[in-house]
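Inside the fold
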Number of protein chains: 2
Amino acid sequence: MFNKQELIDFCNNARENFLSHISIDCVVFGFHEGQLKVLVLKMKNEGSWYLPGGFVLKNEPIDEAANRILKDRTGLDEIFLQQFHVFGDPERSRPHNEMYKDYLPPAENWFANRFLTIGYYALVDFVHVNPTPDSHSELCAWYDLADMPNMELDHATILKTALDTLRLQLNYQPIGYNLMPKEFTMPELQKLYETILNQKLDRRNFQRRMLAFGILNRSEQPRKGGAHKAPFLYSFDLDNYQNALKEGLKGGW
Amino acid sequence: MFNKQELIDFCNNARENFLSHISIDCVVFGFHEGQLKVLVLKMKNEGSWYLPGGFVLKNEPIDEAANRILKDRTGLDEIFLQQFHVFGDPERSRPHNEMYKDYLPPAENWFANRFLTIGYYALVDFVHVNPTPDSHSELCAWYDLADMPNMELDHATILKTALDTLRLQLNYQPIGYNLMPKEFTMPELQKLYETILNQKLDRRNFQRRMLAFGILNRSEQPRKGGAHKAPFLYSFDLDNYQNALKEGLKGGW
DNA sequence: GCACTTGGTGTATTAATAACACAATAGTAT
DNA sequence: ATACTATTGTGTTATTAATACACCAAGTGC
């Protein structure tokens, strides 16, 4: 990925500015055309795939670090972000530790260190994201959850853990505001839940339950133009939504 | 807490053996005489209070580190331990960063670094714990959750977050095996739940629900000798318990 | 025996979840 | 225009889970 000079510059910069031994990796979920998508990066030359990640500045809160990293990859600010697990096996970064060993001795090679990584997951509105590769990578792109490329290191595990966390959170948190466009139909929202949970839900029961949460506003106008019956448009009631985030919902799927 | 020579020795040892910038803090919950207890340490001289904590060896998985730290404080091995949050505000360890600044310049002073701390909570059987202070502390002792001393740094926040996590987990995990003695009565188990949730539960409904989980075995013999009617003794069915840990329970409190 | 405390069990009520059927609408094909 | 079809909206019933509540049993102290 790096040539020697790039590596030396990167390592000098990293040693000076970042906390050692700590990285952040992000699982960015988007939702588009009925599919749950995940943002991945393709390493230059190597061609291997990674989750977007980075390091923590020496005087930066970790949540801000995650935000900064994702702003670089998506163009978005104020992303819905949640820390979910620390991956701390000393073997986890072993494949990386060997990298560049011909270029730089371990003491100077940032990548020769052991790294704990803090896993964050993010929920974003697909259409607002402008996928942008970082300096190591040649490509930043969405992949269908059902069709992910093989990822390096433990990134597949990180993704799985993020998804498990998201599924659990569905039980006591409203989810959707960050993944859906401003206005959406009930069947679209249902598709999101079905995709996350990977199971079919009953249309009528879903609607009743969702409305009972009291976090949706129904628009005056249905969506015209499509084939078939015009569905109502809904948007989230932000006040009630925020409140539900704090208070939690009851019941589970 | 340390005199100068102790400090120098500690720092030399720490720099050589531990990952920098990372610490682990543990909230150890025990249950005794109807009270939820938390293990705390009292710093030498200073007299301030802390949660048990420590650092991660350079080649040690973080779960093992937490286990090692707790073995030192409790004498127990194979503790039920769960990582629950990383506290990563750069201000969080500020009060410590000033410590010993007259003894050692920042570059050599381990405590002058910024530390992220990984929060773990542990559930242990109170009577098996042998509280043991570490080298910084003069005392290691149980405190009632309702009667905790003021703790340094963000340790009160860490405790609160651990408790919130524990309460949430009650919704989809069996809890008790690690906190209760081998055999216990239903009212005793109920007291545990009531203490964690900080609310009264209905005796009869609690029993029905608990039994419905299918993780309890009722002993042939009731507990004799006490005053009043002899209660049945229960123990956890470990197979079903482990399975429930994996599969999750349904419903919430 | 009698009062009192603690523990065990059952039943009626209410709320939540799951299962299911039919009517309305906007396009498409003829 | 008419029938057809896919899709959305809504209501009703059955099942299951949660809650509230009342009685009986066993041991202690008097």
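Scroll up for the structure.
Read on for an overview of the structure. (Residues numbered from 1 in each chain as written. Chains lettered and ligands numbered in written order. Predicted model: local features only at pLDDT ≥ 70, side-chain atom pairs only at ≥ 80, totals over all residues. Heavy atoms only, no water.)

The subject of this paragraph is the interface of chain A and chain B. At the interface, 22 residues of chain A touch 22 residues of chain B. Of the roughly 1,800 Å² buried between chain A and chain B, counting both surfaces, carbon and sulfur atoms make up 66%. Put simply, chain A and chain B have zero salt bridges between them. Along the contact surface separating chain A from chain B lie 13 residue pairs in polar contact (both at pLDDT 80 or more). Only strand E1 (18–32), strand E4 (53–57), strand E5 (80–87) and strand E6 (116–123) of chain A provide two or more residues apiece to the side of chain A that touches chain B. Counting residues per element, the side of chain A that touches chain B draws most heavily on E1 of chain A, at four residues. Its residues placed into classes, the side of chain A that touches chain B shows twelve nonpolar, six polar and four charged. (Contact = heavy atoms within 4.5 Å. Buried area = accessible area lost by both parts, 1.4 Å probe. Salt bridge = Lys/Arg side-chain N within 4 Å of Asp/Glu carboxyl O. Polar contact = N/O pair within 3.5 Å; in protein donor to acceptor, adjacent residues only side chain to side chain. Helix = DSSP H or I, 4+ residues; strand = E, 2+ residues; numbered from the N terminus. Nonpolar A, V, L, I, M, F, W, Y, C, P; charged D, E, K, R; others polar.)

Neighbouring residues of DNA strand C: 24 residues in total, closest Arg204 of chain A together with Arg203, Arg204, Arg208 and Phe232 of chain B. Across the atoms of DNA strand C situated within 4 Å of the protein, the share located in sugar and phosphate is 48%. With respect to DNA strand C, the side chain of Arg208 of chain A contributes an N or O atom lying 3.4 Å from a base nitrogen. In this structure, a base oxygen belonging to DNA strand C sits 2.7 Å away from a side-chain N or O atom of Arg203 of chain B. Listed by contribution, the elements that provide at least two residues to the surface near DNA strand C are helix H6 (203–212) of chain A together with helix H6 (203–212) of chain B. Counting residues per element, the surface near DNA strand C draws most heavily on H6 of chain A, which supplies five residues. Residues belonging to the surface near DNA strand C are distributed by class as follows: five nonpolar, seven polar and twelve charged. (Near = heavy atom within 4 Å.)

With that settled, consider the pattern of salt bridges. Residues and elements named next belong to chain B. Applying the stated rule across the entire model yields 21 salt bridges over all chains. Residue Lys42 pairs with Glu138 through a salt bridge whose shortest N-O separation is 3.9 Å. Taken together, the residues Lys42 in strand E2 (residues 35–43) and Glu138 in strand E7 (residues 137–144) connect sequence positions 96 residues apart. Given the relative accessible area of 23%, Lys42 is considered partly exposed. (Buried < 20%, exposed > 50% of the residue type's maximum accessible area, 1.4 Å probe, protein only.)

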